[in-house]
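Letter by letter, the chains look like this.
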Amino acid sequence: MGMRHSRRRESSWPLMWVPIVIPAVLISGIAAAHSDFQWLGTAPDDAPDIIASRDFSADHGSATPTPDGTVGGDAARHAEDLVKNVEEKAAEAQEEFEKAEEEKAERKAAKKAKAAAQKKAEQEAAANNDAQPSEVSASARTSTATVAPETGVLDTASRSAVRSAYRSQVKENLVTEPQPKVNGCSVEATPDATRTRSLETLNFSRSLAGLSPVSFSADFNAQSEEAALVQHLQGHLSHTPSSGSCDLPTGVKASGEANISMGTHGARNVLAYLEDGGDGNAAVGHRKHILNPGQEKMGIGFAGNYGAMYVFGATDSSNPTPQWIPWPTAGYFPSEMEPNGRWSFTTTQQDVDFSSASVSVTRGDTKVNAEIIHRDGSGARYGDQAGITFVVPESVRQLNDSQADVTVTVSGIRSGGQTLDAETYKVKLFAAS
């Protein structure tokens, strides 16, 4: 397997194949009630009187009065039949009433059991959530904009909240996706279900970082699809491709404005961009584009074994914008999404220089200076972000009893000609599946 990386906004990177550790090849964009039922028993409207008078109507047949004043003969038999009919209906009504009462009692018992189960689940969740707010309120979670609940931001101080969201928005989306077939200069449409699963996983990832959700637009989906087709037609990844004999100017242009990949589809494609493995991706450009705070609109599409995620969509500067964007993020973080040791710490702040920054990681009594594999100097940006990429040893991030608490300290960041105070935050890796 090989991977190629894009060039930065301000300079060109050499295009070359390099080994990767994930089964994918990818390049980032080049510019930055059920209600209770009650039965009420009433007599049928046509129920006859069960006592017949001496003046019994001819409609009831020939009536011969008996010495005791009751009706005899055919009328008597008819009256007996009527009485029997009424008694049967009364019995049926009583049976229906008893059945309804039993069902009502069963619903009441089920409701009581559900309430008890919910209470127990809440108690277990509270017991399982052993993090105190002070443990995860590091500056990495401090926002320069108000983070309102309606933005969809996830509470990473809650283990149960992160686990529940991961299972429904990521784990359930990790399915085998179809590879849209290419026919000449056209490709089958990327299934809506594939896009839905991709978007859910994408927005879950953004919520971990305290960012607002994005949406896929039909236009950017179409551009992504054509960009993927262009990559497929040329047989390798490039942000400056040729569509050969096919006339696909939209796909050629979009290839320079998208993350492009080979080997993964749907939700797995999103996770591959976030992992950003390979020597050519030390700047984690894919990750920075996905975690761009201002992003509003994006798109995704696939062609055969190739994919593209359009990342140059509309942005909004009023979106919640944390001062720092670490990955993995502070607080509880699914170990299933841990990027194979390639961690990063970025910001959208201007005039921030990481060229002299260093990182230490601490677990328990063990403190290690992390290996730095990329630093952005002043003015260098991907996805409107600059930062530092470092490697966390497996011994530090390996789970112990299903969890690993890692404290990260980033020192030596400079801004405005001065060195900023060190930034410290805690990542609580845990098995969310």
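Provided above is the structure to which this section pertains.
All figures in this text were calculated on a predicted structure; none of them were measured in a lab.

**Side note on the overall build of the chain**
For step 1, the next point in the chain: A tally of helices and strands in the chain yields 9 helices and 21 strands.
For step 2, the next point in the chain: The proportion of buried residues among the 433 residues of the chain is 46%.

**A closer look at the side chain of Thr201**
For step 1, the next point in the chain: Within the secondary structure, Thr201 is located in helix 4 (residues 192-208).
For step 2, the next point in the chain: Classification of Thr201 as buried rests on a relative accessible area of 0%.
For step 3, the next point in the chain: Polar side-chain contacts of Thr201 include one of 3.1 Å to the backbone oxygen of Gln169.
For step 4, the next point in the chain: Excluding its chain neighbours within four sequence positions, the residues that come into contact with Thr201 are Gln169, Val170, Asn173, Ala267, Val270 and Leu271.

**Considering the packing of helix 4 against helix 7 (residues 266-275)**
The relative placement of two packed helices is expressed as an angle between their axes plus a distance between the axes.
For step 1, the next point in the chain: Contact geometry for helix 4 and helix 7: axes closest at 7 Å, N-to-C directions at 35°. For the pair helix 4 and helix 7, the crossing hand works out as right-handed. The segment helix 4 lies against helix 7, with Thr194, Arg197, Ser198, Thr201, Leu202 and Ser205 engaging Gly266, Ala267, Val270, Leu271 and Leu274.
For step 2, the next point in the chain: For the contact of helix 4 with helix 7, the per-class residue count stands at 5 nonpolar, 5 polar and 1 charged.

**Regarding the packing of aromatic side chains**
For step 1, the next point in the chain: Per the counting criterion, the structure on display carries 8 aromatic pairs.
For step 2, the next point in the chain: Between the aromatic rings of Phe220 and Tyr310, the centroid separation amounts to 4.6 Å while the plane-to-plane angle is 15°, which identifies the pairing as stacked. One end of the pair, Phe220, is in helix 5 (residues 218-234); the other, Tyr310, is in strand 9 (residues 306-310), and 90 residues separate them in sequence. Comparing Phe220 with Tyr310 shows no difference in burial state: the two are buried.

**A word on the environment of Ile372**
For step 1, the next point in the chain: Position of Ile372 among the secondary structure elements: in strand 16 (residues 371-375).
For step 2, the next point in the chain: Sequence separation of Ile372 and Ala357 is 15 residues, and the distance between their C-alpha atoms is 8.9 Å.

**Some thoughts on unusual backbone geometry**
For step 1, the next point in the chain: Following Trp327, the chain continues to Pro328 via a peptide bond in cis, the omega torsion being 0°.
For step 2, the next point in the chain: On the secondary structure map, Pro328 appears in the loop between strand 10 (325-327) and strand 11 (331-334).

**Focus: the sheet that holds strand 20 (residues 418-419)**
For step 1, the next point in the chain: Strand order in the open sheet formed by 3 strands is 13-19-20, with antiparallel pairing between adjacent strands. Strands at the two margins of the open sheet, each flanked by one partner only, are strand 13 (352-353) and strand 20.
For step 2, the next point in the chain: With 2 bridges joining them, strand 19 (residues 414-415) and strand 20 adopt antiparallel strand pairing. Along strand 20, the bridge assignment pairs Ser415 with Gln418.

**A closer look at the pattern of salt bridges**
For step 1, the next point in the chain: Enumeration over the complete set of coordinates arrives at 6 salt bridges.
For step 2, the next point in the chain: The shortest N-O distance in the salt bridge between Glu257 and Lys253 comes to 2.9 Å.
For step 3, the next point in the chain: For Glu257, a relative accessible area of 14% corresponds to the buried category.
For step 4, the next point in the chain: For Lys253, a relative accessible area of 53% gives the class exposed.
For step 5, the next point in the chain: Asp405 is the partner of Lys428 in a salt bridge, and the nearest nitrogen-oxygen pair spans 3.1 Å.

**Here we look at the packing of helix 3 (residues 159-169) against helix 4**
For step 1, the next point in the chain: Where helix 3 meets helix 4, the axes come as close as 9 Å, and the angle between the chain directions of the two elements is 160°. In terms of axis orientation, helix 3 runs roughly antiparallel to helix 4. Regarding helix 3 and helix 4, the two cross each other, and that crossing is left-handed. Mapping the contact onto sequence places Val162, Ala165, Tyr166, Ser168 and Gln169 in helix 3 and Glu200, Thr201, Phe204 and Leu208 in helix 4.
For step 2, the next point in the chain: In the contact of helix 3 with helix 4, the residues fall into 5 nonpolar, 3 polar and 1 charged.

Reading guide: rules and limits
Residues numbered from 1 in each chain as written. Predicted model: local features only at pLDDT ≥ 70, side-chain atom pairs only at ≥ 80, totals over all residues. Heavy atoms only, no water. Helix = DSSP H or I, 4+ residues; strand = E, 2+ residues; numbered from the N terminus. Buried < 20%, exposed > 50% of the residue type's maximum accessible area, 1.4 Å probe, protein only. Polar contact = N/O pair within 3.5 Å; in protein donor to acceptor, adjacent residues only side chain to side chain. Contact = heavy atoms within 4.5 Å. Axes fitted to C-alpha atoms, helices over the stretch in contact; angles between N-to-C directions. Left-handed = near helix turned anticlockwise from the far one by under 90°. Nonpolar A, V, L, I, M, F, W, Y, C, P; charged D, E, K, R; others polar. Phe/Tyr/Trp six-rings, centres within 6.5 Å; stacked < 30°, edge-to-face > 60°. Pairing = 2+ DSSP bridges. Salt bridge = Lys/Arg side-chain N within 4 Å of Asp/Glu carboxyl O. Parallel < 35°, antiparallel > 145°, perpendicular 65-115°, else oblique.

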